[in-house]
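Observations on the three-dimensional arrangement
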Amino acid sequence: MAKRPTIIDVARHAGVSKSTVSLVLQNSPLVKKATRTRVEQSMQALNYVYNRTAANLRGAEAGLIGLVINDLRNPFFAEFAASAQMTFAEHGFATVIANTDEDIGIQAQVIASMVEHGVSALIISPAYGDEGAVFERIGRAGLPALQVLRMASADTARFPFASLDYEAGSLEAARHLVSSGAQKIAFVGGLPDRAVTQERMAGYRAVLGDRQPITLLGRPTRAFGREAALRLSADRQGIDAVLCFNDLVALGMMAGFAEAGVTVGRDIALIGFDDIEECALAFPKLSSVHCDIGAFGRDAAATMLAWLETGDRPPERHLSPVTLMVRETSGRR
């Protein structure tokens with residue numbers, strides 16, 4: 001008996017990707033009319049019959065996207081994941097989401113599992129310490145994969161990178177502090193050997209010019225922010241403004257300064273980074289570099305959907321703009 005044609009045979013015959021054929025089978029609106037016609041003609045030529053029951057047993061692979069996140073406990077990454085997932089859902093795709101908790105071993109494990117279960121594509125915010133090895137596994141599987149917010153693989157021709165313009169945000173925030181009268185600005189939070197820390201410090205360093213930066217680096221958590229605020233309260237060294245690595249550090253610093261009797265917004269200016277929802281609800285309201293992570297998540301999902309539909313990779317590197325939200329913690333004094 002002749003071997004029954006498969007979805008891969010149809011893809012080769014039509015000159016499209018396997019994912020595109022799957023989208024046609026799902027009647028996805030993402031597929032262009034000409035492409036749909038070509039795939040359907042190939043199905044007829046090969047006498048391909050879609051076995052929906054078998055496809056369901058395989059997990060409906062064509063409609064499944066893998067979303068791998070380094071830290072879902074952080075509201076910034078949680079908002080990204082939720083926005084991307086909802087965008088995929090609106091277009092008929094299911095999303096399997098994994099939290100790696102900054103563990104490269106867990107990351108390798110969940111990605112291998114997603115590949116084995118037939119995801120159509122992957123969006124990954126890599127765990128710290130990944131030097132791109134996991135992307136080689138993805139490359140061998142031939143899956144589209146988008147790096148977001150952090151870059152693990154330098155091969156952006158195969159694995160495009162999308163993030164936010166952290167340097168521009170840092171620059172705007174530091175300039176605002178100077179224009180508000182700050183004379184001595186510190187940068188607090190972020191691990192020293194991480195590229196994202198250097199990106200978020202870059203604009204701050206540019207504003208300082210030849211002056212020596214004042215940094216208190218560490219894990220970007222509320223606990224570290226509180227500890228840093230207590231240290232600065234005990235020995236301010238003339239510091240009158242702080243730019244934080246992220247909002248969690250800034251919110252922790254607000255608690256520490258309150259504990260030490262230092263009034264944020266009057267005695268010291270403070271700016272966070274990311275602009276999570278809590279910034280506008282805190283007292284006093286926290287100034288922050290607004291990254292619009294919700295829009296970024298929707299854009300990342302849309303980029304992947306277009307990649308699946310056309311087969312064309314996105315630009316190798318794309319940085320979305322950010323803006324500074326000035327609130328009570330850094331108003332002009």
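Note that the structure is a prediction, hence the values are computed from the model and not measured.

Once that is clear, we can look at the nonpolar core. The tendency in soluble globular proteins is for nonpolar side chains to be buried as a group. Of all hydrophobic cores here, the largest spans 85 residues; its most connected members are Val242 and Met253. In terms of residue count, the dominant contributor to this core is helix 13 (residues 293-310) (eight residues). Among the nonpolar cores identified, the runner-up in size contains 17 residues, and Val110, Val119, Ile138 and Phe159 belong to it.

Closest axis-to-axis distance for the helix 8 (residues 166-179)/helix 9 (residues 195-208) pair is 7 Å, and the angle between their directions is 35°. Our pair here, helix 8 against helix 9, has a crossing hand that is right-handed. Listed contacts from helix 9 to Tyr166, Glu167, Ser170, Leu171, Ala174, Arg175 and Val178 of helix 8 are Val196, Glu199, Arg200, Met201, Ala202, Gly203, Tyr204, Ala206 and Val207. Class assignment for the residues of the contact of helix 8 with helix 9 results in ten nonpolar, two polar and four charged.

Burial of strand 3 (residues 121-124) is two-sided: the residues Ala121 and Ile123 facing one way and the residues Leu122 and Ile124 facing the other way are all buried. Both strand 1 (residues 64-69) and strand 3 contribute to a ladder of four bridges, which runs parallel. Residue pairing for strand 3: Val68 is matched across the bridge by Ile124. The pairing of strand 3 with strand 4 (residues 145-148) spans three bridges and is classified as parallel. Of the residues in strand 4, the one forming a bridge with Ile124 is Gln147.

We now examine the side chain of Asp274. Along the polypeptide, Asp274 turns up in strand 9 (residues 269-274). Within the local environment of Asp274, its side chain forms a polar contact with the side chain of Arg200, the two groups lying 2.6 Å apart. Apart from residues no more than four positions distant in its own chain, Asp274 is found in contact with Phe76, Arg200, Asn246, Asp247, Ser288, Val289, His290 and Cys291.

Let us look at the packing of aromatic side chains. In this description, a pair of aromatic rings is defined by centroid distance and the angle of the planes. Evaluation of the coordinates by the stated rule reveals five aromatic pairs. Relative to Phe273, the ring of Tyr166 has its centre 5.9 Å away and its plane inclined at 75°; by these criteria the two rings are edge-to-face. One end of the pair, Tyr166, is in helix 8; the other, Phe273, is in strand 9, with 107 residues separating them in the sequence. Using a relative accessible area of 3% as the deciding quantity, one classes Tyr166 as buried. Considering the side-chain rings of Phe187 and Tyr204, the 5.8 Å spacing of their centres and the 40° angle between planes classify their relative orientation as tilted.

Turning our eyes to something else, we now look at helix 6 (residues 104-116). Here helix 6 contains 13 residues, and its C-alpha end-to-end distance of 18 Å stays within 8% of the 18 Å for a straight helix at 1.5 Å per residue. Contact partners of the buried residues in helix 6: strand 1, strand 2 (94-99), strand 3 and helix 7 (133-141). Capping of helix 6 at its N-terminal end is provided by Asp103; its side-chain oxygen lies 2.8 Å from the backbone amide nitrogen of Gly105.

On strand 6 (residues 185-188), burial covers both faces: Ile185 and Phe187 on one face and Ala186 and Val188 on the other are all buried. Viewed along the sheet, the connection from strand 6 through helix 9 into strand 7 (residues 214-216) turns out right-handed.

About the thresholds
Residues numbered from 1 in each chain as written. Predicted model: local features only at pLDDT ≥ 70, side-chain atom pairs only at ≥ 80, totals over all residues. Heavy atoms only, no water. Core = buried A, V, L, I, M, F, W, Y, C linked by side-chain atoms within 4.5 Å. Buried < 20%, exposed > 50% of the residue type's maximum accessible area, 1.4 Å probe, protein only. Helix = DSSP H or I, 4+ residues; strand = E, 2+ residues; numbered from the N terminus. Axes fitted to C-alpha atoms, helices over the stretch in contact; angles between N-to-C directions. Left-handed = near helix turned anticlockwise from the far one by under 90°. Contact = heavy atoms within 4.5 Å. Nonpolar A, V, L, I, M, F, W, Y, C, P; charged D, E, K, R; others polar. Pairing = 2+ DSSP bridges. Polar contact = N/O pair within 3.5 Å; in protein donor to acceptor, adjacent residues only side chain to side chain. Phe/Tyr/Trp six-rings, centres within 6.5 Å; stacked < 30°, edge-to-face > 60°. Expected span 1.5 Å × (residues − 1). Right-handed = clockwise from strand over helix to strand, strands pointing away.

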